[in-house]
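A closer look at the structure
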Amino acid sequence: MERTHTCGGLRESNVGEQVVLMGWVAKKRDFGVFTFIDLRDRDGVTQVVVSEETSPDAHAKAKYLRGEFVIAVKGEVVSRAAGTHNKKLATGDIEIKVSELLILNDAKVPPFQLEVAGSENLADESTRLKYRYLDLRRPQLQHNIRMRAKAVAKIREYFDNRGFIEIETPILLKSTPEGARDFIVPSRIHTGKFFALPQSPQILKQITMISGLDRYYQIARCFRDEDLRADRQPEFTQLDMEMSFVNREQVYREMEGMFNHVLKLIDVDLPTEWPRLTYAEAMRRYGSDKPDLRFGMELIDLSAELKDTDFPPFAETLSKGGEIKAIVVKGKADYSRKQTDELQEYVKRYGAGAMAWIKVGDETTSSLLKVLGEEKITELASTAGAEKGDAVLIVAGRRSVVAAALGALRNEVARRENLIDRSKYECLIVTEFPMFEHDDETDTYVAAHHPFTSPMDEDLEMFKQAIENPADHHLLGQVRAKAYDAVINGYECAGGSIRIHQKEVQALNFKALGMTPETARSRFGFFLDALEYGTPPHGGFAAGIERTCMILVGTENIRDVMAFPKTASAQDLMMDSPGEVDEAQLNELGIKVAGPRE
RNA sequence: GGGGUCGUAGUUCAGUUGGUUAGAACGCCAGCCUGUCACGUUGGAGGUCGCGGGUUCGAGCCCCGUCGGCCCCGCCA
């Protein structure tokens, strides 16, 4: 028996055809003398009818069927009787009148129900992860996995058409202490030495430019041994690309082009040229370098208004160069004490000491009423642009804290108050990221993007000055980079930069990062050598495949777009990894486990 | 490393102030049923209340510890 159709495709126009379907028993409805079976495969569900009268053999077998049994049915496509059409099924106008039924395989009772009315009541995720192969049978996950395949195909199509060459780079690389923690792999042949898995193919893709390949791309698996999040897994996939002889705008064009091509999969038309926002402006207006532009609620600076205040927390903040900023929540003057308390708790996670509020109701009330007085409160509300009925939420503190706290609060309030239009797709490119971030713990500057990022031409003099004069070292914090991110709906979907192609600038950069020439050489010597043999100007970007797919299928969880994801504690519950290895394997590698085993 | 939250039948959940035999729905098992599609109907099985300890005459419920899922902070060049 050969399958002739899948379970999603048969329609009224197929009536009269003899067909063979194969799939899983999704549901059985037994009426004694005949039985309905909902037969499911990756394309959909088709109802098949087995009648005792017309096919006694098949009917006898149908008695034994249970959920998830694998069967083949042969029969005629028939139109359903009037009044028995099922509008919920794409195939609901027809059914299969079965003449032959084969049980291809039986199945144990699944540990959880695959189909639950209303997708909200899914079984516990750890159970579903242990039986991932069953969870993956759910139509939603089938759809997500197929959407991911389509997205990757679109990406390949885009870059192939644009003259890019797909190049695979090694998975076994050399560890560099920069950036994220490496996953390391012991070498058997070189006992005591280790490979590292790529955090990204960064240096190698730059070397393909030095090699004259001109336009590179790769669907690259990346590995980072850091803690997980709803949108972060220890291994993930990037679209990685690099091009020679280009400026930033040329790279933006490819980012826009690629995403616009991919988003067509869900009939979304993004603008040919995306809005641009500098990092500084994004932080100022949204408190985030990846603002969600599907709603407004921009941050408003109240510092000037409060410059003469004697309220100690505010006065102290301002005297230390901090800021006092606010967001206005439309129509929420009726926030209860409990709600503002909750929002205050939320904001404290980001280091804010407190959150003040003003409610412009019939009367204007405020947590600051006693300390600032009614007049000042009214003035502040008006400066913030609050109208009657609105709430103003205020945070004071260091610039970075205010941005983090209010940026997160802006998203949280939008989520709570349903301010986000799920049918909208808002994209932008954030430009001119800082070159360096200050590490408060060690009082050093670290690369904000990666150590091969080119500074802005305008800032090159300041960069040199900061390094040559120790007194001007702090200027490093002001140096901007030719680095950029692509942001869709508040997700950082891609990031990249124009790279340094002159060895002098590269040396300067290593120095800024506190690396001696010797250290730099021991870590990146091969790359520094390569830079000296005629490196073209080049740049590129890397896009997160999973984050892009999350947008395509409308989920907030990365596990929904990966076939075999890991838990928040970085385990695979299905294969139970990571696992122990034999003593013999360790001996062969010359490895002894020093710490206590779990 | 830190914080929050959840953990009761195969699954989703309820379980009062600490009180006799821990419930419901779905699923599962057995029967009946000629048009269902959340089929209906009759009957039945199914529990280490995550685990360990403590308080108490008595703990699913209170306390301490621990394990696991999820979310967040730190971390993620």
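Residues numbered from 1 in each chain as written. Chains lettered and ligands numbered in written order. Predicted model: local features only at pLDDT ≥ 70, side-chain atom pairs only at ≥ 80, totals over all residues. Heavy atoms only, no water.

1. Here's the deal with helix 11 (residues 374-383)
Where helix 11 is concerned, the buried positions are Ile377, Leu380 and Ala381. The buried residues of helix 11 all sit within an arc of 100 degrees when viewed along its axis, so they share a single face. Away from its buried face by more than 90 degrees, helix 11 exposes Glu375 and Ser382. Among the structural elements, strand 14 (356-360), strand 15 (364-366), helix 10 (369-372) and strand 16 (391-397) are those in contact with the buried residues of helix 11. Positive backbone phi, approximately 85 degrees, marks Gly385, located one or two places after helix 11. (Buried < 20%, exposed > 50% of the residue type's maximum accessible area, 1.4 Å probe, protein only. Helix = DSSP H or I, 4+ residues; strand = E, 2+ residues; numbered from the N terminus. Arc of directions from axis to C-beta. Contact = heavy atoms within 4.5 Å.)

2. Re the nonpolar core
Phe159, Leu239, Met258, Phe259 and Phe541 are the most contacted members of the largest nonpolar core, which totals 42 residues. Those elements that place two or more of their residues in this core are helix 4 (139-161), strand 10 (235-244), helix 6 (248-263), strand 17 (427-431), strand 20 (483-488), strand 21 (491-498), strand 22 (538-544) and helix 16 (545-553). The leading source of residues in this core is helix 6, at 7 residues. Apart from residues lying up to four places away in sequence, Leu239 is in contact with Ile155, Phe159, Tyr217, Gln218, Ile219, Met258, Phe541, Ala542, Ala543 and Ile545. (Core = buried A, V, L, I, M, F, W, Y, C linked by side-chain atoms within 4.5 Å.)

3. Concerning the protein's contact with RNA strand B
Around RNA strand B sit 51 residues, and of these Thr84, Pro111, Asp124, Ala447 and His449 come closest. Within the side chain of Gln47, a nitrogen or oxygen atom sits 2.7 Å from a base oxygen of RNA strand B. One nitrogen or oxygen atom from the side chain of Asp227 is found 2.6 Å from a base nitrogen belonging to RNA strand B. If you list the elements that add at least two residues to the surface near RNA strand B, you get strand 1 (18-30), strand 2 (34-41) and helix 2 (125-130). Looking at the surface near RNA strand B residue by residue, the classes come out as 15 nonpolar, 17 polar and 19 charged. (Near = heavy atom within 4 Å. Polar contact = N/O pair within 3.5 Å; in protein donor to acceptor, adjacent residues only side chain to side chain. Nonpolar A, V, L, I, M, F, W, Y, C, P; charged D, E, K, R; others polar.)

4. Examining a nonpolar patch on the surface
The grouping of Met1, Leu102 and Leu104 at the surface amounts to a nonpolar patch, some 240 Å² of accessible area in total. In this fold, Leu102 is placed in strand 5 (residues 94-105). (Patch = residues over 30% accessible without salt bridge, like charges linked within 9 Å, V, L, I, M, F, W, Y side chains within 5 Å. Areas by Shrake-Rupley, 256 points an atom, 1.4 Å probe, with all protein chains shown as cover. Salt bridge = Lys/Arg side-chain N within 4 Å of Asp/Glu carboxyl O.)

5. As for the confidence of the model for chain A
Mean pLDDT over chain A works out to 94, with 98% of the residues at or above the 70 mark. Scored by ipTM, the complex comes to 0.93, with pTM at 0.94. (pLDDT = per-residue confidence, 0-100.)

6. Quick word on the packing of aromatic side chains
For the structure on display, the rule yields 17 aromatic pairs. Residues Phe159 and Phe164 carry aromatic rings whose centres are separated by 4.9 Å and whose planes lie at 80 degrees to one another, so their mutual orientation is edge-to-face. Assigned by exposure class, Phe159 and Phe164 land together as buried. These aromatic residues form a ring-pair network of at least three members: Tyr158, Phe159, Phe164 and Tyr217. Just above the ring of Trp357 sits the side chain of Lys359; from NZ or CZ to the centre is 4.2 Å. (Phe/Tyr/Trp six-rings, centres within 6.5 Å; stacked < 30°, edge-to-face > 60°. Lys NZ or Arg CZ within 6 Å of the ring centre and 35° of its normal.)

7. Examining the side chain of Asp182
On the secondary structure map, Asp182 appears in the loop between strand 6 (165-166) and strand 7 (184-186). The side chain of Asp182 sits in the buried core without any salt bridge; Arg224 is the nearest counter-charge, 8.2 Å away. Side chain to side chain, Asp182 and Gln199 meet in a polar contact 2.6 Å long. Excluding residues that lie within four positions of it along the chain, Asp182 makes contacts with Ser175, Thr176, Ala196, Leu197, Gln199 and Asp225. (Lys, Arg positive; Asp, Glu negative; His and termini not counted.)

8. A closer look at the environment of Ile300
Within the fold, Ile300 resides in strand 12 (residues 300-301). Residues Ile300 and Phe564, spaced 264 residues apart in sequence, show a C-alpha to C-alpha distance of 43 Å.

9. Re the sheet that holds strand 21
The 8 strands lie next to each other as 6-9-10-22-21-20-17-11, forming an open sheet whose pairing is mixed. Bordering the open sheet on either side are strand 6 and strand 11 (276-278), each of which pairs with just one other strand. Relative to strand 22, strand 10 runs antiparallel, the two sharing 7 bridges. The residue bridging Leu239 from the neighbouring strand is Ala543, located in strand 22. (Pairing = 2+ DSSP bridges.)

10. Considering unusual backbone geometry
Ser577 connects to Pro578 through a cis peptide bond whose omega is 0 degrees. Its identity is not glycine, yet Asp214 carries a phi of approximately 75 degrees, on the positive side. Mapped onto the elements, Asp214 comes out in the loop between helix 5 (202-210) and strand 9 (215-223). In this structure Asp214 comes out as partly exposed when scored by relative accessible area, which is 30%. The phi torsion at Asp443 lies on the positive side, around 50 degrees, for a residue other than glycine. Tracing the chain through its elements places Asp443 in the loop between strand 18 (436-439) and strand 19 (444-447).

11. A few points about the environment of Gln250
Tracing the backbone through its elements, the reader meets Gln250 in helix 6. With 140 residues separating them along the chain, Gln250 and Asp390 place their C-alpha atoms 44 Å apart. Ignoring sequence-local partners within four residues, the contact set of Gln250 consists of Met243 and Phe245.

12. As for the pattern of salt bridges
Enumeration according to the criterion identifies 48 salt bridges in this entry. Between Asp292 and Arg294 there is a salt bridge, with its nearest N and O atoms 2.7 Å apart. Both residues of the pair, Asp292 and Arg294, belong to the buried class. Two residues, Lys330 and Glu387, come together in a salt bridge whose shortest N-O distance is 3.3 Å. A residue pair is termed long-range when its members are at least 10 positions apart, and Lys330 in the loop between strand 13 (323-329) and helix 9 (337-348) and Glu387 in the loop between helix 11 and strand 16 qualify at 57 residues. A cluster of three or more residues bridged by salt bridges with shared partners is formed by Lys338, Glu342, Glu412, Arg415 and Arg416.

13. As for the sheet that holds strand 5
If you walk around this closed barrel you meet the 5 strands as 1-2-3-5-4, and the pairing is mixed. Across the sheet, the axes of successive neighbouring strands diverge by a mean angle of 55 degrees, strand direction being ignored. (Axes fitted to C-alpha atoms, helices over the stretch in contact; angles between N-to-C directions.)

14. Observations concerning the pairing of strand 10
The buried fraction of strand 10 is high, at 9 of 10 residues. Pairing geometry for strand 9 and strand 10, over 9 bridges, is antiparallel. Within the sheet, the bridge partner assigned to Cys222 lies in strand 10 and is Phe236.

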